[in-house]
Amino acid sequence: MEYIIKGRKPESFFHYFEEISAIPRMSFHEEKIADYVVNFAKERGLEYYRDEWHNVLVKMPASKGQEHRPPILVQGHMDMVCEKESGVEHDFLKDPLDLYIDGNFLKARGTTLGADDGKGVATMLALLDGEMEEHPAFECLFTSAEEAGIVNAPKFDFSRISARTLINIDVSNPKYPVFSCSGALRTKINLSYKTEPMNMHAICVSVSGLIGGHAGAHINSGRANANKIMGRLISALTSLCDVRIVSVDNESKGSGIPRECKAILAVPNVDEATAVIRSYADDIATELIPEDKNFNVSVEPCEAMAMMTREDTARVCGILACMHAGVFSMCRDVPSIIEYSRSFGTVTTEKDAISFLISTRSVKNSKLDSAKNELDAFAAMMGAEIEHYGRYPGWEYHKESAVREAYRRVYREIVGEDPVPIGIHAGIECGVICNAIPEMDAIAIGPSGANAHSPKEMMDLDSCEQFWLILKRLIEII
């Protein structure tokens with residue numbers, strides 16, 4: 001294979017990043033990248049363990065004279081988000097990524113780059129290949145199906161880990177090391193409904209133009225939720241006339257703040273209903289933040305054969321109107337960190353049922369327990385079925401952290417200023433690891449990048465070089 005990154009340090013990091021970019025690694029299809037890691041370990045005589053979910057642990061002994069130092073766990077995930085631009089032909093199960101350099105950034109033509117978390121995989125491979133001459137023992141954990149909701153890391157046998165210091169390589173800016181992340185609980189509420197023959201006029205109400213965003217990272221930004229706006233509009237109509245719901249749908253992936261929502265409604269009078277909706281939409285527009293400036297509500301006549309009963313319309317409207325979406329509480333110890341939130345994502349209407357997807361996030365497992373109980377009670381009141389899935393634990397902030405203090409010293413030594421440690425309201429696998437090994441002292445770091453999870457993803461090549469200087473020095477002193 002022809003390598004395009006030349007003349008940059010460390011050569012091993014960039015070499016392995018390009019190598020793994022040629023290996024398909026979609027979530028739940030990590031067999032080939034796991035094979036690569038296992039063969040890598042075999043060729044170097046390193047101890048390894050691979051479980052049935054393709055999580056791989058590789059252990060490297062300390063260099064001569066460093067045997068007295070405690071081992072370090074380095075961790076990242078092998079899978080990547082597989083997104084491509086419209087019209088691009090790329091099979092993520094077979095095709096290598098088409099890398100290219102644009103100025104100071106590494107990108108992939110028409111697809112995601114996979115720096116999330118190719119940078120973590122390449123870092124571990126470079127360390128295991130001897131990038132540092134003197135080092136403590138390394139335990140490198142390559143996990144799978146992280147991008148699908150941290151699915152497989154919780155299944156790993158953590159009794160195989162002896163290290164009590166963790167360096168996670170799954171964030172994107174050396175200046176902002178991460179010391180806390182949220183756990184999550186996903187919930188599906190399924191409401192069966194009955195219909196009656198249509199005996200009114202059908203209209204299609206569409207909410208669009210909202211900016212949306214990540215349901216964790218942007219939950220405290222004030223960005224409007226299209227589902228909640230639709231709930232307000234339908235509630236306004238039901239307080240004035242006999243409105244029936246035919247369907248409510250959006251195309252959110254559940255992990256995002258929905259930008260659009262469409263409802264088909266049965267109303268007695270199209271003109272009167274349209275006037276009410278537009279009046280309320282005008283009021284809502286005055287409440288929105290500037291990022292939602294393109295907000296729009298349209299009302300168009302349409303056709304429908306059946307409508308929900310009055311009782312079921314009331315239940316669906318109740319869920320849309322009463323399901324809270326947003327921040328519940330902030331962290332007591334670090335007030336800038338969101339402690340507990342809920343996002344109201346996908347709504348899908350099928351032939352005889354309508355489903356709602358909800359994501360709850362919190363750094364505290366007790367809050368996730370509370371959310372489960374509250375949603376169970378809410379579903380029972382609405383006469384709906386409920387299913388919880390995809391739960392993983394949060395990583396709580398600790399006032400004292402030796403690795404965090406070491407990172408501060410190293411970053412200041414190399415960069416000349418203090419880093420800005422942060423907590424994130426999104427999930428990384430530190431929560432799983434620290435929950436399994438409570439004594440673990442952890443930090444999450446990584447080189448700079450942008451636009452993760454999109455075809456515009458990029459990685460800063462200069463930042464990679466700086467990150468390696470910081471990482472090597474950090475390993476030297478912890």
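You'll find the structure just up there.
Now for a look at the structure at hand. Note that the structure is a prediction, hence the values are computed from the model and not measured.

## Topic: the sheet that holds strand 18 (residues 326-330)
Link 1 in the chain: Here five strands make up an open sheet; going across it, the order is 18-19-20-9-21 and the pairing antiparallel. Strands with a single pairing partner mark the edges of an open sheet, and in this sheet they are strand 18 and strand 21 (385-392). In this sheet, neighbouring strand axes are inclined to one another by 15 degrees on average, regardless of whether the strands run parallel or antiparallel.
Link 2 in the chain: Contacting strand 9 (183-192), strand 18, strand 19 (338-349), strand 20 (353-362) and strand 21, helix 7 (residues 365-382) runs over the sheet at an angle of about 165 degrees to strand 21.

## Structural notes on the environment of Tyr3
Link 1 in the chain: With respect to the helices and strands, Tyr3 occurs in the segment before helix 1 (11-21).
Link 2 in the chain: For the pair Tyr3 and Glu291, spaced 288 residues apart in the sequence, the C-alpha separation amounts to 41 Å.
Link 3 in the chain: Filtering out sequence-adjacent residues up to four positions away, Tyr3 remains in contact with His15, Glu18 and Glu19.

## Some words on empty space enclosed by the protein
In this approach the atoms are scanned with a rolling probe the size of a water molecule, which exposes any empty space left behind.
Link 1 in the chain: Counting across every chain of the model gives one cavity of 30 Å³ or more.
Link 2 in the chain: Approximately 60 Å³ is the volume found for the largest cavity.
Link 3 in the chain: By residue class, the composition of the lining of the largest cavity is nine nonpolar, two polar and two charged.

## Quick word on the sheet that holds strand 15 (residues 261-267)
Link 1 in the chain: In spatial order, the strands read 13-15-11-16; together these four strands make up an open sheet with antiparallel pairing. The sheet is open, and its two borders are formed by strand 13 (244-249) and strand 16 (296-302), each paired with just one other strand. Direction aside, the axes of adjacent strands within the sheet are offset by 20 degrees on average.
Link 2 in the chain: Strand direction decides the pairing type here: strand 11 (residues 201-208) and strand 16, joined by seven bridges, are antiparallel. Within strand 16, the residue paired with Ser206 across the bridge is Ser298.
Link 3 in the chain: The sheet strands contacting helix 4 (residues 226-238) are strand 11, strand 13, strand 15 and strand 16, and the helix crosses strand 15 at an angle near 10 degrees.

## Quick look at the layout of surface pockets
Link 1 in the chain: Of the volumes computed, that of the second largest pocket is approximately 280 Å³.
Link 2 in the chain: Lining the second largest pocket we find 18 residues, and of these Arg223, Ala224, Asn225, Lys228 and Ala325 sit closest to its centre.
Link 3 in the chain: For the lining of the second largest pocket, the residue count by class is eight nonpolar, five polar and five charged.

## Comments concerning the pairing of strand 7 (residues 165-168)
The side chains of a regular strand alternate, residue by residue, between the two faces of the sheet.
Link 1 in the chain: Alternating positions in strand 7 separate into two faces, Thr165 and Ile167 on one and Leu166 and Asn168 on the other, with burial throughout.
Link 2 in the chain: With three bridges joining them, strand 3 (residues 72-77) and strand 7 adopt parallel strand pairing. By the bridge assignment, Val74 is partnered in strand 7 with Ile167.
Link 3 in the chain: Where strand 7 lies against strand 23 (residues 441-444), four bridges are found, and the strand directions are parallel. Bridged to Ile167 within strand 23 is Ile443.

## Focus on the packing of helix 8 (residues 402-415) against helix 10 (residues 461-477)
Link 1 in the chain: The geometry of helix 8 relative to helix 10 is characterised by a closest axis approach of 9 Å and an angle of 130 degrees between their N-to-C directions. Considering the angle they form, helix 8 stands oblique to helix 10. Once helix 8 is placed against helix 10, the crossing between them reads as right-handed. Contact residues: Val403, Ala406, Tyr407, Arg409, Val410, Tyr411, Glu413, Ile414 and Val415 in helix 8; Gln466, Leu469, Ile470, Arg473, Leu474 and Ile477 in helix 10.
Link 2 in the chain: Counted by class, the contact of helix 8 with helix 10 contains eleven nonpolar, one polar and three charged residues.

What counts and what doesn't
- Residues numbered from 1 in each chain as written.
- Predicted model: local features only at pLDDT ≥ 70, side-chain atom pairs only at ≥ 80, totals over all residues.
- Heavy atoms only, no water.
- Pairing = 2+ DSSP bridges.
- Helix = DSSP H or I, 4+ residues; strand = E, 2+ residues; numbered from the N terminus.
- Axes fitted to C-alpha atoms, helices over the stretch in contact; angles between N-to-C directions.
- Contact = heavy atoms within 4.5 Å.
- 1 Å grid on protein atoms, 1.4 Å probe; cavity = no way out; pocket = protein on both sides within 12 Å on 5 of 7 lines; lining within 4 Å.
- Points joined across faces, edges and corners; volume = space filled by probe spheres on them.
- Nonpolar A, V, L, I, M, F, W, Y, C, P; charged D, E, K, R; others polar.
- Buried < 20%, exposed > 50% of the residue type's maximum accessible area, 1.4 Å probe, protein only.
- Parallel < 35°, antiparallel > 145°, perpendicular 65-115°, else oblique.
- Left-handed = near helix turned anticlockwise from the far one by under 90°.

Just geometry here; none of it tells us what the structure is for.
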